[in-house]
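Here is what each chain is made of, one letter per residue.
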Amino acid sequence: MIGCGDVTERKSGPAYRLAEGSELTGVFTRRAEQARDYARRHGVPRVFDSAEALIRDPDIDAVYIATPPSSHAAYARMVAAAGKPCCVEKPMALTEAEARDMNAAFLTAGKPLFIAYYRRCLPRFEQVRNWLQGGCIGDVRQIHWTLTRPLDPHTIATNRPWRVDADEAPGGYFDDLAGHGLDLFDHWLGPIRHVAGYTANLAGQHQVPDTFSASWQHESGVTGTACWNFASFDRTDRVDITGSEGRIQTAIFDDAPLELETRNGLKTLDIAHPDPIQLPHVDAMITQLQGGQAHPSTGLSALRTARVCEAILTGDSAAKSS
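Residues numbered from 1 in each chain as written. Predicted model: local features only at pLDDT ≥ 70, side-chain atom pairs only at ≥ 80, totals over all residues. Heavy atoms only, no water.

Colleague: Explain the nonpolar core to me, please; I cannot follow it from the model alone.
Modeller: Across soluble globular proteins, nonpolar side chains show a tendency to be buried alongside one another. The biggest cluster of nonpolar side chains holds 43 residues, and the ones touching the most others in it are Leu182, Phe185, Trp188 and Trp228. If we skip the residues at most four places from it in the chain, Trp188 touches Phe125, Val128, Arg129, Leu132, Ile143, Ile241 and Thr250. One finds Ala76, Met92, Ala93 and Leu303 within the second-largest nonpolar core, a separate group that totals 28 residues. (Core = buried A, V, L, I, M, F, W, Y, C linked by side-chain atoms within 4.5 Å. Buried < 20%, exposed > 50% of the residue type's maximum accessible area, 1.4 Å probe, protein only. Contact = heavy atoms within 4.5 Å.)

Set out below in C-alpha cells:
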C-alpha cells in the first residue's frame, strides 16, 4: 500500500487485511514516521523506504495506491511497468488524459487496473441496481442528486487539506465526493453521453470552487441533474430516480434507508454497510485475480467517470464515449 492517510484507517487498510486470500504485507508513504506508526497500529510487517522498492519487491503481488490524486498516475505507471495488478483510490486521476494514459499502461502490461469506486460492490447499491434492472419502477426517466455540506474549516485543516488544494484537487470537495455518485449512476443506468456543468466559488474560503450544478443524458436517453454545495447551512444527500411506474430514493453517503414507491405502496429497506466498508470491493478484486467474475470498477469504467467530472468542471458540453 502506497499512502496511509485517513481513507486507509478504517475503510480500506483493514479490508486488505481481513479479506480472504489477501494480506497487507507492506506500506510506504513519504513521511517515514507516519508509515512506521501505521504499520505498528495495523500489524503491517514491512515498511518500505521508497515506492519503487515496494512496487518491485518480489513478495508483493499487487499494489494499492492511496495517495492524493496528483500522484496517482505516476505511481500507477510504475506498477504497470513492474507487471503487477493495481488498485487506485478515487478520483482516478487529475484529468481525463491522465486516466487514459493509466489505462493504456495496464493494457500494455496485460494486468488489471481497479479503481476504488467501492460503492459498486456494496449490497445497498446493488439492491438499487436490481430494482432498476428488474423493472420495478418501469422505464427509467430521470435521476437527480442533491448533495450539500456545511463549511468545516477544522476538519479541512487537520486531516483533509488536499481536498481544498488546487494542485491536488482543482474541483475541491467535488473531486473527492461527486465521482462516487456519478460513477454509481454509470453503473446503474449505463454510460453518460452528454454532460454540461457550472461551478462557482461563492463562500470564498478556499482557492477552489464550492458550488456546482450539472445536467446530463445517458446513452439510454435517461436524463440526469445534480447540484453540489460545500458551503451550505445544512447537510443533504438525496438521490431520486423516477420511472414510468414508480420512484426510488436513496443517499450516496448518508446512512439512509432505501425507498421504493409504486402504485402498490411504499417499500423501505435498511441495508447496513459492511465494516470495513471496502471489504466487498477487495473481495471482488481477489475473485477476479483468482480467475472468477470480473470486478465492476475498472480503469475503463472510471475513465468514463473522470471524463464526466472533467466536463462538469470545465463546462465542456460533451462526454465522448470510450
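Colleague: Is there a simple way to explain empty space enclosed by the protein in this structure?
Modeller: Over the atoms a probe the size of a water molecule is rolled, and this reveals where empty space is left. Taken as a whole and judged by the stated rule, the model has one cavity of 30 Å³ or more. Looking at the largest cavity, its volume works out to about 40 Å³. Contributing to the lining of the largest cavity are Leu182, Asp186, Pro191, Ile192, Arg304, Thr305 and Val308. Where the lining of the largest cavity is concerned, the elements lending two or more residues are α9 (173–189) and α11 (299–314). Sort the elements by how many residues they give to the lining of the largest cavity and α11 lands first, with three residues. Here the lining of the largest cavity is composed, by residue class, of four nonpolar, one polar and two charged. (1 Å grid on protein atoms, 1.4 Å probe; cavity = no way out; pocket = protein on both sides within 12 Å on 5 of 7 lines; lining within 4 Å. Points joined across faces, edges and corners; volume = space filled by probe spheres on them. Helix = DSSP H or I, 4+ residues; strand = E, 2+ residues; numbered from the N terminus. Nonpolar A, V, L, I, M, F, W, Y, C, P; charged D, E, K, R; others polar.)

Colleague: Explain the sheet that holds strand β3 (residues 63–65) here, please?
Modeller: Within a sheet, adjacent strands bond to each other through the backbone by hydrogen bonds, running parallel or antiparallel. Read across the sheet, three strands follow the order β3-β4-β5 without closing on themselves; strand pairing throughout is parallel. Of all the strands in the sheet, just β3 and β5 (113–115) have a single pairing partner and so form its edges. Averaged over all neighbouring strand pairs, the angle between strand axes comes to 20°, with direction disregarded. Of the pairings in the sheet, the one linking β3 to strand β4 (residues 86–88) comprises three bridges and is parallel in character. In the sheet register, Tyr64 faces β4, and the bridge partner there is Cys87. Together, β3 and β4 form the strand contacts of helix α5 (residues 72–81), whose direction differs from that of β3 by roughly 170°. (Pairing = 2+ DSSP bridges. Axes fitted to C-alpha atoms, helices over the stretch in contact; angles between N-to-C directions.)

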